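Chain by chain, the residues run as shown.
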Amino acid sequence: MKRDHAKLICDVGELSDIFHDTSSMEAFLQKIVELIAEHMSADVCSIYLYYEERDELVLKATKGLKPSSVNNVKMKLGEGLTGKALKELRPICEAQARNNPNFRFFPGIGEERYESFLAVPMLRGNIRIGAIVVQSEKRNYFTNDDIYVFRAITSQLVNTVETAKLLMSFDEGKKAVVTPMPAFDIKLVKGRVGSEGVSFSPAIVLTENLTELTRYLSLAYKGLTLADFHRAVEMAEEQLAQLQNQVEAMMYDVASLIFTSQILMLKDKSFINGIISLIEQGETPVHAIVQVVEGYVKKFGLINDAYLREKIHDVKDVGRRILENLAGESDTHHEYAEKLVIAHELLPSDALELYSQRVKGIIVLSGGVTSHLSILARSLGIPLVIADEPQLMLLAAGTPVLLDAVMGNIHVNPHKALVENVFAREDLNKNIESLKALVKSEPKTQDNVAVNLYANINLLGDVKAACEFNARGVGLYRTEFPFIMRSNFPSEEEQYQIYRRLLEGMGGKEVTFRTLDIGGDKVLSYYNNGKEENPFLGLRSIRFSLRHQDIFEQQIRAILRAGAGHNISIMFPMISSVDEVRQAKQILAECSRKLRKEKKDCHPEPRVGIMIELPSVLEIIEELSQEVEFFSVGTNDFIQYLLAVDRTNEKVADMYVPHHPAVLRALNKIVKAADRFKKTVSICGDMAHHRRYLEFFIGIGIRNFSVDPRYLPRMHQQIEEISHKNCQSFAENLLSKVTIGETSALIQGSRK
Ligand code: PEP
Ligand code: MG
């Protein structure tokens, strides 16, 4: 098999090409099998889809077997080698398939001459979608490397194949109704800033019923024809392909095929033919589109799976796009483009989707300033305010809103003068550009104590600012974002490519990889974790990784391979015990051993550290110091767990107090213990970039900070303004206080 080709297919770019010229779902699956057969130099490639409701695995496309076998070869879960692979959720590779007792012979499909067999299940998390099989006439043909590459290919394809499966099983439905919004009468709402910035734009409220399709109904009487409809669909296809390319170019790490579900809708015969047949029966193209789209919306809405229900957005978006093309509106109009989106809550993945539509700002009613939606919005440069004001959901679409996400103010229908004032204030602040000159050297306090500033990286897009603002390296790379933004677990190869780009982007500087930290408010849409009553106390972070070792191992392998020839550290999040650290370290050592055995290029021995985020660590900090080389305090979680205050819950936001005496003393205790064992402690939570806390941290002896890159110039400047000696006495004073009232008074007083 040609390894270079296998590598190529791991790139989303090539997968996007599959859609080009595809005329139906069946043709789409056929293209995939042909492409894979070619890449794997296999004689046969077949796709089987699994229908859980009737426990049936059905052959849907094949290159190599007789075409008449499509839809006719069926088996139960566990039946035959393919059924067994899917049942046991693992690849099955046989040198001579018929020798396996599980082999099942289907007469008349032309399978007899094939000896080697390799089946890989297609899974979304733990949900069975189907299987892909390759076969060869040669005996003992597929190698371990082939299995590895074939798994990578399969994982890339699952989302699109699943969408194709869903579309194939749908007929058109009936019309749904859109509810109008009631009136609104508030002028100013105070909220909390999740991501800084200002915007003045028309508002749009995100609700389940939101479909603006009906606004196109007036077009219905313009004498549009079937030919106009076909043209509009063609344009939509081109626009979507172009959008996919643009997003990939901008955000390689998280842009995995986000528009392909929509491209598939346009290829779906029953969707398109449903519209055509209504037009042929005398409906106007506009009415036909609205009817079919809303029929689909209704059907998707009935599906009992949150992930698949999300397809509602896709189908609405496709309908809107075709209507726009019919109306002759340019593609610059998106439902949320240049708008301020208001929603009850959003997932981090929604932020990316909104970003790709050039949204101007976001208001959410729930979530916290340290929630991952806020963290991601900062990386994307989208201003975001959290305001627990349900009336905002009543705002009429198009109402002008000034979002002052520096002060946390939401002004509804503001005066022109107010808008000008806020923007003028921000223009002044933009002089931050001039601070670039300041960050040329390493920062030192006035009494010459050097401080190291590192960058937190969420998206590869953050690397540019990290370099511009002279970060010493990456103190925290949140590896989970590429997992969150995808529709399936990224393969080792995909992760490797992303990590490589990060390391190359940082030009040889040290990069600390925090292993997968999902759970809590970072949900994977494709993985059903069952319902957790307290997700922050549930199967989060390192607990998830240790429970799902295959996923953990793939990540560690990707980090070690990408780290070859680079300066890397690995850090385990949410550690609660020495046992967890030992287990994680053992897996790391095992991965390293296997990679060496496979003769793969990899980093021989990265520095290993843990995040301090749980109070349990305090009592075992000395023993932990003997296990690892460094500590990094994730204050966002540390405060939440020490004080038992949900970091995403607006209702207890006033109890989330970073300067609570217990937090300050605990931090001091950590530094002292680590000092005794000569281990470095850094701070990578949001607390680090507040001046008042920065002084405290420097005072208790912390010298390493990792923050969102945009804060680097400001922190740099602050460090140069303060003296270490003053910081020490300030910290001592703070540590002597007992009540929140007392520490608050000191903290306020220290503000410059
Ligand atoms: C933290 O908890 O402070 C931290 C840096 O990790 P995250 O915000 O990603 O949970
Ligand atoms: Mg954390």
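Procedures and definitions
- Residues numbered from 1 in each chain as written.
- Chains lettered and ligands numbered in written order.
- Predicted model: local features only at pLDDT ≥ 70, side-chain atom pairs only at ≥ 80, totals over all residues.
- Heavy atoms only, no water.
- Helix = DSSP H or I, 4+ residues; strand = E, 2+ residues; numbered from the N terminus.
- Buried < 20%, exposed > 50% of the residue type's maximum accessible area, 1.4 Å probe, protein only.
- Contact = heavy atoms within 4.5 Å.
- Near = heavy atom within 4 Å.
- Polar contact = N/O pair within 3.5 Å; in protein donor to acceptor, adjacent residues only side chain to side chain.
- Areas by Shrake-Rupley, 256 points an atom, 1.4 Å probe, with all protein chains shown as cover.
- Nonpolar A, V, L, I, M, F, W, Y, C, P; charged D, E, K, R; others polar.
- Donors = N, O, S within 2.8 Å, 3.2 Å for Na, K, Ca; no water.
- Pairing = 2+ DSSP bridges.
- Axes fitted to C-alpha atoms, helices over the stretch in contact; angles between N-to-C directions.
- Right-handed = clockwise from strand over helix to strand, strands pointing away.

J.: Help me out: how do you make sense of the overall build of the protein chain in this one?
T.: Scanning the protein chain from terminus to terminus reveals 29 helices and 22 strands. Looking at the protein chain residue by residue over its 752 residues, the buried ones come to 60%. Relative to all contacts within the protein chain whose residues are 6 or more apart in sequence, the contacts with residues 24 or more apart total 69%.

J.: Looking at this structure, how should I read unusual backbone geometry?
T.: Backbone geometry at L89 places phi at a positive 55°, although glycine is not the residue there. Mapped onto the fold, L89 is located in the loop between α4 (80-87) and β4 (92-94). Residue classification places L89 among the partly exposed residues on the basis of a relative accessible area of 38%. The residue R358 is not glycine, and still its phi comes out positive at about 60°. The topology assignment puts R358 in the loop between α12 (348-356) and β11 (361-364).

J.: I tried to follow the site of ligand 1 on my own but got confused; where do I start?
T.: Near ligand 1 you find 17 residues, and of these R478, R514, G634, N636 and R647 are the closest. With respect to ligand 1, the side chain of R514 contributes an N or O atom lying 2.7 Å from an oxygen atom. At 3.1 Å from an oxygen atom of ligand 1 is found a main-chain nitrogen or oxygen belonging to T635. Starting from 280 Å² of accessible surface for ligand 1 in isolation, the protein chains cover 100%. Split into classes, the residues belonging to the shell around ligand 1 amount to four nonpolar, five polar and eight charged.

J.: Would you mind showing me how to read the coordination of the magnesium ion (ligand 2) here?
T.: For the magnesium ion (ligand 2), every protein donor is listed as E613 (OE) and D637 (OD), and the spread of their distances is 2.0 Å. Here E613 is found in the loop between β19 (607-612) and α22 (616-619), whereas its partner D637 is found in helix α24 (residues 635-643), with 24 residues between them in sequence. Comparing E613 with D637 shows no difference in burial state: the two are buried.

J.: Can you walk me through the sheet that holds strand β3 (residues 74-75) in this structure?
T.: The strands making up a sheet are joined through hydrogen bonds of the backbone, oriented either antiparallel or parallel. Strand order across the open sheet formed by six strands is β3-β2-β1-β6-β5-β4, with antiparallel pairing between neighbours. Edge positions in the open sheet fall to β3 and β4, since each of these has one partner strand only. When strand β1 (residues 44-51) meets strand β2 (residues 56-63), the two strands line up antiparallel, connected through seven bridges. Note on β2: the bridge partner recorded for L49 is V58. Across the sheet, α4 lies against β1, β2, β3, β4, β5 (116-124) and β6 (127-136), angled at about 35° from β5, the strand it touches most.

J.: Looking at this structure, I do not really get the pairing of strand β22 (residues 704-707). What am I missing?
T.: One face of the sheet, then the other: side chains in a regular strand alternate in exactly this way. Of the two faces of β22, the one carrying N704 and S706 and the one carrying F705 and V707 are both buried. The pairing of strand β15 (residues 452-457) with β22 spans four bridges and is classified as parallel. Looking at the pairing, N452 lines up with N704 of β22. The sheet contact formed by strand β21 (residues 680-683) and β22 spans two bridges and is parallel. Bridge pairing links S682 to N704 in β22. This β-α-β element, β21 to helix α26 (residues 691-700) to β22, shows right-handed connectivity.

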